[in-house]
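Now for the letters of each chain:
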Amino acid sequence: MSAQRGFDRISQAGKVPPPDEQVQILVVGGGAAGASAAIAAAKAGASVMLVDENPVSPGLMGLDTPLYFGGRYSNAVQAQGRMVEQILASNPLLEAAFEAGVDVRLGVYVWGAFTPGWGLASLPSAIAGLADEERAWTVGFERLILATGARDVAFAFRGWDQPGVMGARAFQALMGRYDAFSGRRLVILGTGELAIQTARTALASGLEVAALIDVSEAFQGPSSAAAELRAADVEILLGQIPIGASGGLEGIEGLTVRDLAAGATRAIACDTVVEAISLTPVVELLDVLGGAIAPAPLLGGHAPVSPDGTATSLANVFLAGDVAGAPGGVGMGEDAARASGHRAAQAVLASLGHDVALGAVLTPGPGFDALAYQMTWARALMAEPDVIICQCEEVTRADLVAVKPPTYLGPPSPAQARRDLASLLEDGPPNQDQIKRLTRACMGPCQARRCREQVALTLACASNAAPSDVPLAGYRAPVRALPLKVLAAWDESPEIARYWDVWMGIPGQWTPYDDIGTEREALSAGILGEGGHA
Amino acid sequence: MRGASVIVIGAGVTGLSSAWWLARSGADVLVIDKGIVGWEASGRNGGGASHYHSPLFHEEQRLWPQMDELLGYTTEYRRERVIFATTEHHLDNYRRMAEICRGLGYQVDDLDPAQVRSFVPLAGDNVTGGIHLRFGGQANPQRTVQAYAWALQDLGGRIAQHTPALRILTEGGRVSGVETPHGVLSCDHLVVAAGPQAQALLAPIGLRLPLAPSRAEMIVTEPAPLMPVGGADGNGLYGRQTLRGNLAYGGGPHEWLEVDALGPYRRPSTPVLRNLAKRVAELLPRGAHLRVIRSWAGVVENTPDGRPVLDRPADPGNLTVATMSGVGFGLSPATGHAVRDLVVDGKCSFADLGKLTLARFKETPPDWRERQGWLPTTHEEALAAMAG
């Protein structure tokens, strides 16, 4: 540093504490892809930590985090010990990872990840933020493998906020990983591969499947699958939209559908509605890291920009499994996920200087345009404007299109009443973050897991725009909603405490104007330290 | 796209308020921005409106209670503020702030710990005391920026989003227009309210505005029941409980940045959010169970002395510079009025702005950022400086 150069002690530089733990390779997500990647990397001699948030606390499950559980889980999820056993039993790869020397952490959340780059010069090295139910801490990594999978794209209809309306990936998790699904009789939304898989899982487990429903007139999967399901007494109802779930305290008891052409309605008894329309990759950590993400209609929505499904725009961050894209909105399946995990390990090891040949790029999945199928559903549901689309903030589709301020602000002013999405569109293309700020849709404690995609799709519908023309609403750390007292840095360094300032710590910034240039200036600068609380 | 009588560069609160005030005076105004309205620090701040140090303070206090009515849109403004301490040291500071405000003619009450808890029920047994500002307050920055934009349009003003200013054009010593990717926009008067981008725009026409961009961050919790006074802070934090009930607080270490004409390209939060969580839990221990659901960061511009520039320099004569050195939101109703006065009348009608001119930086050395250490600084550089 030159003799001339000063140093700002109030700034963040020099104050980022060393991580509490350090690993060579951090893998986030212990499914088939992540566990395979961790095992392969550990076998090559790397130090590997595999973090998986399951079993997730009941509190977060109630916020549909990380999956759209829809309250359809049994009390078994309260028993943390049993849940850990069940998670290990349902995923033998975790045991194999232990044996391969991987540092496996279950029940640990990754709430953020940060890597040096633009705007983060002060960060000495890449770190991830971890937490359990009690406390938060950090782990430094040389390479990060994101194996965070995919989650359900939800669609709102009247009553969807009651227990029993859930997503297909959450259904799979409750059936397998948690063994805690509490439903008996299902109606499945969607007729594509995801819905077919959901029906097969349910039927194989002895659950009833009353019907598969699609807003489209066409069955989306192969006709052989339709025949197979009909033979199992599953109705296939096409050209119908769900218009309301009825129910009581225990959850829903039935779903009413309406024929889009004839207008006739019909009630179907069920305790669960599984929305199996599309999955979308879980890109939240990559977005927080600043990695490139772009619309990928064949991969279920916004997906990481990657030349090979493994690398990202960040040199130290790699992908394994469905986070790279859920092909066809369905996901890649267990075998492909393992292969993807192996390839991620190879790429990471090669980047660390190991002599490893990188396997062939995995062939992309089915060429099904998942985003177009999502839009088909979103367009049909525009016929139901008065349905709450954001459960946390109670925003309806109509509110969204009207850009209506939240009800706690009282009736809109006359000028406000003249404003809507159309008037915003006169100024530029639809922007979900802007709409969020004005309507509060996507601003609640579920961190928009239930409504992010459908709000974007609704804006596309209402703007006559392609869904890929609506920019991704930004993800922000912490990507898990953790209590203040858990996230808190109770052990913060003395340096941070000593030089903490409300604002930038610029001497004289808060000096009363009349004192500037007078003898009082030095005096007020002295007493108004630590910012102005303006 | 056509030009306007007055073009404002920057659709942040300062630029939008200036344009709105100009439109209220009948001017033909166009605001241009590299992105969308209020996307930078104007929509990413604590929303405070109690700037007793500023020459615009009295006008700020006069205007905020009227803003919803004047704009025609809600800003979520709420009057009053409680600043309270959990240490004697902080309490001393707050009591001195109270003295300054009283000296300016405003009512401030001293509060004992029980009184603090009655206004701020999430506060705990650790309270040492506080002060109650019977003025000031806070608003919702995101709603306010859009309110300015809509109110401006309601008066016939125009906003061109995604239209960055690339160059200020001059002719015969006067500003003649602005070059943008969508063509040249001509104007009779130009207002530069471009935040961190202002320095690079002004330099080619011979106006020196030293600025250093920095990042500040905040965290937000899930909603809690509304407290009697939402504008409650202390413990090294600024922020408020929103009308929805969320706690939104910021403060602590900032980071110096480099920003170009189109940037910032990212607004990363950092692990400082954990230090913020600690301080919010200390300040409001009865809310320590609340979940943090978001964080955000904003990039602000800072002048070497941390004070605004509100100036219409004699040369070129038809250009006004407005930068608030990172403290722009709360003062924005008054700033817009001041800019309107400078543009229309050549002089602010309600405050002396003589100490906020560009001329004060004439002697600022070219390497001032390096001397002050206001440059992106790595961990290693910082450790070396701390050791040295």
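This structure is a prediction, so every number in the text was calculated from the model and none was measured.

## Details of the overall build of chain A
Piece 1. Of the regular secondary structure elements, chain A holds 18 helices and 22 strands.
Piece 2. In terms of overall size, chain A behaves like a compact globule, its C-alpha atoms giving a radius of gyration of 25 Å where 534 residues would be expected to give roughly 24 Å.
Piece 3. Judged by the C-alpha coordinates and their principal axes, chain A covers about 90 × 70 × 40 Å.
Piece 4. Per-residue burial for chain A yields a buried fraction of 57% across its 534 residues.

## Side note on the environment of Met67(B)
Residue and element names in this part refer to chain B.
Piece 1. Inspection of the secondary structure puts methionine 67 in helix H3 (residues 67–71).
Piece 2. On the basis of neighbour count, methionine 67 is assigned to the buried category, with 22 C-beta atoms found within 10 Å.
Piece 3. When the C-alpha positions of methionine 67 and arginine 117 are compared, they lie 30 Å apart, and in sequence the two are 50 residues distant.
Piece 4. Those residues in contact with methionine 67 that sit more than four places away from it in its chain are Thr75, Tyr77 and Pro333.

## Side note on the sheet that holds strand E3 (residues 78–85) of chain B
Residue and element names in this part refer to chain B.
Piece 1. Taken in spatial order, the four strands line up as E4-E5-E3-E11 in an open sheet, and their pairing is mixed. The two strands at the open ends of the sheet, each matched to only one other strand, are strand E4 (108–111) and strand E11 (232–233).
Piece 2. Most of the contacts of helix H4 (residues 88–103) go to strand E5 (residues 129–138), to which it runs at about 45 degrees, and overall it touches E3, E4 and E5.

## A closer look at the packing of helix H10 (residues 370–381) of chain A against helix H15 (residues 452–463) of chain A
All names here are of chain A.
Piece 1. Running from amino to carboxyl end, H10 crosses H15 at an angle of 70 degrees, the nearest separation of the two axes being 9 Å. In this view, H10 runs roughly perpendicular relative to H15, as classed from their interaxial angle. Contacts between H10 and H15 involve Gln374, Met375, Ala378 and Arg379 from the former and Glu453, Gln454, Leu457, Thr458, Ala460 and Cys461 from the latter.
Piece 2. Across the contact of H10 with H15, the residue classes break down as five nonpolar, three polar and two charged.

## Some details on the domain arrangement of chain A
Residues and elements named next belong to chain A.
Piece 1. Examined at the domain level, chain A breaks down into domain 1 (21–150 + 280–351), domain 2 (385–469) and domain 3 (501–527).
Piece 2. Summarising the inter-unit geometry, the C-alpha centres of domain 1 and domain 2 are found 31 Å apart.
Piece 3. Tallying the contact residues gives eight residues for domain 1 and six residues for domain 2.
Piece 4. Counted by class, the side of domain 1 that touches domain 2 contains four nonpolar, three polar and one charged residues.

## Regarding the pairing of strand E7 (residues 167–171) of chain B
Walk down a regular strand and you will see the side chains alternate between the two sheet faces.
Residue and element names in this part refer to chain B.
Piece 1. Of the pairings in the sheet, the one linking E7 to strand E8 (residues 174–180) comprises five bridges and is antiparallel in character. Of the residues in E8, the one forming a bridge with threonine 170 is valine 175.
Piece 2. Joining the antiparallel neighbours E7 and E8 is a turn of two residues, in which glycine 172 adopts a positive phi near 60 degrees.

## Things to note about the confidence of the model for chain B
Piece 1. On average, chain B scores 96 in pLDDT, and the residues at 70 or more come to 100%.
Piece 2. Across the interfaces of the predicted complex, the ipTM metric reaches 0.96, alongside a pTM of 0.97.

Thresholds, definitions, all that
- Residues numbered from 1 in each chain as written.
- Chains lettered and ligands numbered in written order.
- Predicted model: local features only at pLDDT ≥ 70, side-chain atom pairs only at ≥ 80, totals over all residues.
- Helix = DSSP H or I, 4+ residues; strand = E, 2+ residues; numbered from the N terminus.
- Rg over C-alpha atoms; globule rule 2.2 N^0.38 Å.
- Buried ≥ 20, exposed ≤ 12 C-beta atoms within 10 Å, placed from the backbone.
- Contact = placed C-beta atoms within 7 Å.
- Pairing = 2+ DSSP bridges.
- Axes fitted to C-alpha atoms, helices over the stretch in contact; angles between N-to-C directions.
- Parallel < 35°, antiparallel > 145°, perpendicular 65-115°, else oblique.
- Nonpolar A, V, L, I, M, F, W, Y, C, P; charged D, E, K, R; others polar.
- Domains from an automatic or database assignment.
- pLDDT = per-residue confidence, 0-100.

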